[in-house]
Amino acid sequence: MLMIPIIDLQREYQTLKTQIDAAVGRVLASGSYIGGPEVSALEAELSSYLSSPYVITVASGTDALFIALRAMGVGPGDEVITTPFTFIATVEAIQHAGAKPVLVDIDPQTFNLEPAHLESALSERTRAILPVHLYGQPAPMREIRAFAQQHRLLILEDAAQAIGARYCAVDREPGRMAGNLGDAAGFSLYPTKNLGAYGDAGFITTSSPQIAEEARLIAAHGSKMRYHHIRPAGYTSRLDALQAAILRVKLPYLESWNTRRRHIARLYDEGLKNLVETPYQAPYSYHIYHQYTVRTPERDRLLAFLKENGVGSSVHYPLPAHLQPAYRDLAPQGSLPESEKAAQEVLSLPMHPFLEDAQVEQVIETVRRFFAA
Ligand SMILES: *Cc1c(COP(=O)(O)O)cnc(C)c1O
């Protein structure tokens, strides 16, 4: 029995080894290890790829989110509306900005924040909405933007899982890149993300020169000129040159990798329909399948069966934020029922651009055997 891992980063490295080793060697020889020309070049290349005027690299996706919030002026006394069905960093970022997370439930079909619930979460203190483009599918930004505009709220996108995803106003239009759908966005370049560094990394996008300038100051000790500090409570969150050089090798492959993920998703959709609930692709979205996440009431038994049969899988996420021991004060159990139910039923299957069609077939076959038994 051949094991099928959920993701295969060694395979990716082997494919790009010559280029990556050369890039790493170039940085090691350069004597410039934090910031510098590799980092500036990466920021320019990301800016061009995402059509986003300003790109500010930082040390992680979590940093990108909380620095962006602070740069937008969100702070103590403010409330930020977000989803409980996300990686915990989304909620942590709001706390690190000094603001209060207010949770609203998800749409059970897309697992993204349900805009119809925004009204009930609104208060005099609401400053911003933080939608997550979960699993690589953009949140319903048309409705979220309309609500934000009506109530003069800021929008920060959590685009950690959505690099290269598009939001299309009209079906199948080329669409606007995730990261350009609000006032600012935070991206993660964690190794397992669709574009991953070989360590921690992240970046902020914005079209606002003010937010960009504030974010750069916060990430660099409130300083533009060395040893001159013009903004209080600065922080240190920088990208190192090694990561930038590695990311510059990978970025040109990202579109084709995302295309490959979409192809794999179509194979799974076809092979798994009638067995599990396959991911819903909203008409407005160009989904980049950071995760291929299915839904079934048999989740725990299927998870165990896949494990016994050498198929990697994972639960994103087993507990919504408000059921985490650290965050029970955010909302009572039972108050966000769709998130709570999703947490019991979702399962992510192997998904990465180096997964072969034959491996996809083997995963499908294994799921079939489970349901036949
Ligand atoms: C990965 C991730 C983050 C955090 O990114 P790090 O680079 O790990 O700090 C934030 N939000 C979501 C939805 C993520 O998936």
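Anyway, here's the lowdown on the structure attached to this text. (Residues numbered from 1 in each chain as written. Predicted model: local features only at pLDDT ≥ 70, side-chain atom pairs only at ≥ 80, totals over all residues. Heavy atoms only, no water.)

## A look at helix H9 (residues 254-272)
The criterion, for reference: A run of DSSP states H or I qualifies as a helix once it reaches four residues; a run of E qualifies as a strand once it reaches two. Both are numbered from the N-terminal end. Multiplying 1.5 Å by the helix residue count minus one yields the expected span of that helix. Under the scheme applied here, a residue whose accessible area is under 20% of the maximum for its type counts as buried, over 50% as exposed, and between as partly exposed, the area being computed with a 1.4 Å probe on protein chains only.
Between its first and last C-alpha atoms H9 spans 26 Å; for 19 residues at 1.5 Å apiece the expected length is 27 Å, and the two agree. Among the residues of H9, Leu254, Trp257, Asn258, Arg261, Arg262, Ile264, Ala265, Tyr268, Asp269, Gly271 and Leu272 are the ones counted as buried. Of the residues one or two after H9, asparagine 274 is the one with positive phi, at around 75°.

## Some remarks on the sheet that holds strand S9 (residues 202-206)
Quick reminder of the rule: When DSSP finds two or more bridges between two strands, those strands count as paired. Axis definition: a line fitted to C-alpha atoms, limited for helices to the stretch in contact. Angles are taken between N-to-C directions and run from 0 to 180 degrees. The contact definition used throughout considers only heavy atoms, calling two residues in contact when any of these lie within 4.5 Å.
With respect to topology, 7 strands assemble into an open sheet ordered S1-S9-S8-S5-S4-S2-S3, the strand pairing being mixed. Strand pairing shows two members of the sheet lacking a second neighbour, strand S1 (54-58) and strand S3 (100-103), which therefore form its edges. If you compare each strand with its neighbour and ignore which way they point, the axes differ by 25° on average. Note that strand S2 (residues 79-82) and S3 share 4 bridges and pair parallel. The partner of threonine 82 across the bridge, within S3, is leucine 103. The strands that helix H3 (residues 61-71) touches are S1, strand S4 (126-130), strand S5 (154-158), strand S8 (184-188) and S9; relative to S8, the one it contacts most, it runs at about 165°.

## Description of the site of the ligand
Stated formally: Residues are classed as near a molecule or strand on a simple rule: at least one heavy atom within 4 Å of it. What qualifies as a polar contact is a pair of N or O atoms within 3.5 Å, subject to a donor-acceptor requirement within protein and to the restriction that residues adjacent in sequence count only when both atoms come from side chains. Each accessible area is a Shrake-Rupley estimate made with a 1.4 Å probe; only the visible protein chains count as cover when residues are assessed. With a 1 Å grid spanning the protein atoms alone, the term cavity applies to any set of points in which a 1.4 Å probe fits but cannot get out, the term pocket to an open set with protein on both sides within 12 Å along at least five of seven lines, and the term lining residue to any residue with an atom within 4 Å of a point. Pocket occupancy is defined atom-wise: a molecule lies in a cavity or pocket when more than half of its atoms are within 2 Å of its grid points. Nonpolar residues are Ala, Val, Leu, Ile, Met, Phe, Trp, Tyr, Cys and Pro. Charged residues are Asp, Glu, Lys and Arg, and all others, Gly as well, are polar.
In the vicinity of the ligand lie 15 residues, with Gly61, Thr62, Asp158, Ser188 and Lys193 positioned nearest. Within the backbone of glycine 61, one N or O atom sits 2.8 Å away from an oxygen atom of the ligand. Contact between the ligand and lysine 193: an oxygen atom at 3.1 Å from a side-chain N or O atom of the residue. When the ligand is considered free in solution it has 380 Å² of accessible area, and contact with the protein chains removes 92% of it. Using a 2 Å cut-off from the grid points, one finds that the ligand occupies the second largest pocket. Counting residues per element, the ones that place at least two in the shell around the ligand are H3 and helix H4 (89-96). A per-class count over the shell around the ligand returns 6 nonpolar, 7 polar and 2 charged.

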